Amino acid sequence: MIEFRQVTKRYDSDHTALRQVNFHLNRGELAFLTGHSGAGKSTLLKLIMVMERPTAGEVLVGGQRLNSMPRRQIPYIRRHIGVVFQNHQLLFDRTVFDNVAMPLHVTGASPDAIGRRVRAALDKVGLLSKEKMNPMQLSGGEQQRVGIARAVVNKPPVLLADEPTGNLDPELSADIMQLFTQFSQVGVTVLIASHDIGLINDMGRRTLTLDHGELVAGGTPWGEQHGL
Ligand code: ADP
Ligand code: ADP
């Protein structure tokens, strides 16, 4: 579902953010992305979201090569990728329902369909009863779950999370991880960037580890990726 083939990203001539990164995440796989600050985690996520393009190598999502994708197709590919941020980026001038509905408005869905999708997403994160509230009235853990509902409201096959538990205590973090696990069980490919070694160890999942732009653990060997 997500494939990196010998991906190198250089922001300027003497600064390599990612160096020949190879990995392949299957449909329904849940993996972590870790590494020191500056190791290249955000860059890797940005390449999947087509916010950056690789200097060399290829990035594929759902079998589609992103490198050669025309600019006008980028909004369509982004709809297939849900993103959860550490600070959840909710808008406090509207209800929980309206926050979750935001990604659906650009798709031209009917009000009926929007209502159904938003309630299905809120139901999945256990917040159906709070749709009319302002996110400001919710706890930090609940706000993060609203962010997750918004990320999955389009039913994306890929879910990316950038430090999703950065501001949460261990118990709430475990709840959020359980949600991600549930999405992976219905076929969503989930990649979670995190510094939280305790949490990563508790989960016991595949972990892609970056060190100064090199994928030093958790990658797919080049031969295996190509069935050699
Ligand atoms: P992480 O998310 O692991 O902290 P990043 O992907 O943000 O790492 O950064 C990897 C390297 O690329 C760092 O050395 C960083 O300074 C550099 N970098 C990130 N974004 C840019 C940019 N837009 N321009 C130049 N250098 C950048
Ligand atoms: P519908 O509007 O099609 O009835 P539902 O919310 O009832 O939608 O979801 C149908 C199924 O799709 C559920 O089992 C749900 O968990 C699953 N599903 C598949 N991909 C996703 C995703 N990215 N986000 C949320 N649910 C998903």
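An unreviewed UniProt entry annotates the protein as Cell division ATP-binding protein FtsE of Marinobacter oulmenensis. UniProt lists a comment for the protein under the heading Subunit (unreviewed entry), and it reads "Homodimer. Forms a membrane-associated complex with FtsX." On record in UniProt, under Sequence similarities (unreviewed entry), the comment for the protein is "Belongs to the ABC transporter superfamily."

A. Quick look at the site of ligand 2. Residues in close proximity to ligand 2 include Arg117, Ala120, Lys124, Val152, Lys155, Pro156, Phe183, Val186 and Val188, which together make up its full environment. Within the side chain of Lys155, one N or O atom sits 3.0 Å away from an oxygen atom of ligand 2. Here a nitrogen atom of ligand 2 sits 2.8 Å away from a polar atom, N or O, in the main chain of Pro156. For ligand 2, whose unbound accessible area comes to 560 Å², protein coverage reaches 58%. Sort the elements by how many residues they give to the shell around ligand 2 and helix 4 (residues 111-124) lands first, with three residues. Taken together, the residues that form the shell around ligand 2 break down as six nonpolar, no polar and three charged.

B. Region of the structure containing helix 3 (residues 96-105). Taken together, the buried positions of helix 3 are occupied by Val96, Phe97, Asn99, Val100, Ala101 and Leu104. Those residues of helix 3 that are buried are in contact with helix 4 and helix 5 (140-152).

C. Seen up close, the sheet that holds strand 10 (residues 214-217). Spatial ordering of the open sheet is given by 6-7-8-3-9-10, a layout of six strands whose pairing is mixed. Because the sheet does not close on itself, it has two edges, and the strands there are strand 6 (81-85) and strand 10. Each neighbouring strand pair of the sheet contributes to a mean axis angle of 25°, computed without reference to strand direction. In terms of strand pairing, strand 3 (residues 30-35) meets strand 8 (residues 189-193) through four bridges, oriented parallel. Residue pairing across strands places Ala31 opposite Leu191, the latter belonging to strand 8.

D. Just the packing of aromatic side chains, in detail. Under the counting rule described, the total for this entry stands at one aromatic pair. Ring centres of Phe4 and Phe23 lie 4.7 Å apart, and the angle between their planes is 20°; this geometry places the pair in the stacked category. One end of the pair, Phe4, is in strand 1 (residues 2-12); the other, Phe23, is in strand 2 (residues 15-25), with 19 residues separating them in the sequence. Owing to a relative accessible area of 0%, Phe4 belongs among the buried residues under this scheme.

E. Region of the structure containing the sheet that holds strand 5 (residues 64-65). One open sheet holds the four strands; their spatial order is 2-1-4-5, and the pairing between them is antiparallel. On the outer flanks of this sheet lie strand 2 and strand 5, each paired with one strand and no other. Note that strand 1 and strand 4 (residues 56-61) share five bridges and pair antiparallel. Bridging across to strand 4, Phe4 finds its partner in Val59.

F. Layout of the site of ligand 1. If you check the shell around ligand 1, you find Tyr11, His15, Ala17, His36, Ser37, Gly38, Ala39, Gly40, Lys41, Ser42 and Thr43 and nothing else. A distance of 2.8 Å is found between an oxygen atom of ligand 1 and a side-chain nitrogen or oxygen belonging to His15. Here Lys41 contributes a backbone N or O atom positioned 2.9 Å from an oxygen atom of ligand 1. Protein chains bury 63% of the 560 Å² of accessible surface belonging to ligand 1 in isolation. Looking at the shell around ligand 1, the elements that each hand over two or more residues are strand 2 and helix 1 (41-48).

G. Geometry of the packing of helix 3 against helix 4. Running from N to C, helix 3 and helix 4 point in directions that differ by 120°, and their axes come no closer than 9 Å. By the angle class used here, helix 3 and helix 4 are oblique. Here helix 3 and helix 4 pass one another in a crossing that is right-handed. Residues Val96, Phe97, Val100, Ala101, Leu104 and His105 of helix 3 form the contact with helix 4, whose own contacting residues are Ile114, Gly115, Arg117, Val118, Arg119, Ala121 and Leu122. When the residues that make up the contact of helix 3 with helix 4 are grouped by side-chain class, the tally is nine nonpolar, two polar and two charged.

Criteria and thresholds
- Residues numbered from 1 in each chain as written.
- Chains lettered and ligands numbered in written order.
- Predicted model: local features only at pLDDT ≥ 70, side-chain atom pairs only at ≥ 80, totals over all residues.
- Heavy atoms only, no water.
- UniProt positions renumbered as here; feature names shortened; annotations may be inferred.
- Near = heavy atom within 4 Å.
- Polar contact = N/O pair within 3.5 Å; in protein donor to acceptor, adjacent residues only side chain to side chain.
- Areas by Shrake-Rupley, 256 points an atom, 1.4 Å probe, with all protein chains shown as cover.
- Helix = DSSP H or I, 4+ residues; strand = E, 2+ residues; numbered from the N terminus.
- Nonpolar A, V, L, I, M, F, W, Y, C, P; charged D, E, K, R; others polar.
- Buried < 20%, exposed > 50% of the residue type's maximum accessible area, 1.4 Å probe, protein only.
- Contact = heavy atoms within 4.5 Å.
- Pairing = 2+ DSSP bridges.
- Axes fitted to C-alpha atoms, helices over the stretch in contact; angles between N-to-C directions.
- Phe/Tyr/Trp six-rings, centres within 6.5 Å; stacked < 30°, edge-to-face > 60°.
- Parallel < 35°, antiparallel > 145°, perpendicular 65-115°, else oblique.
- Left-handed = near helix turned anticlockwise from the far one by under 90°.

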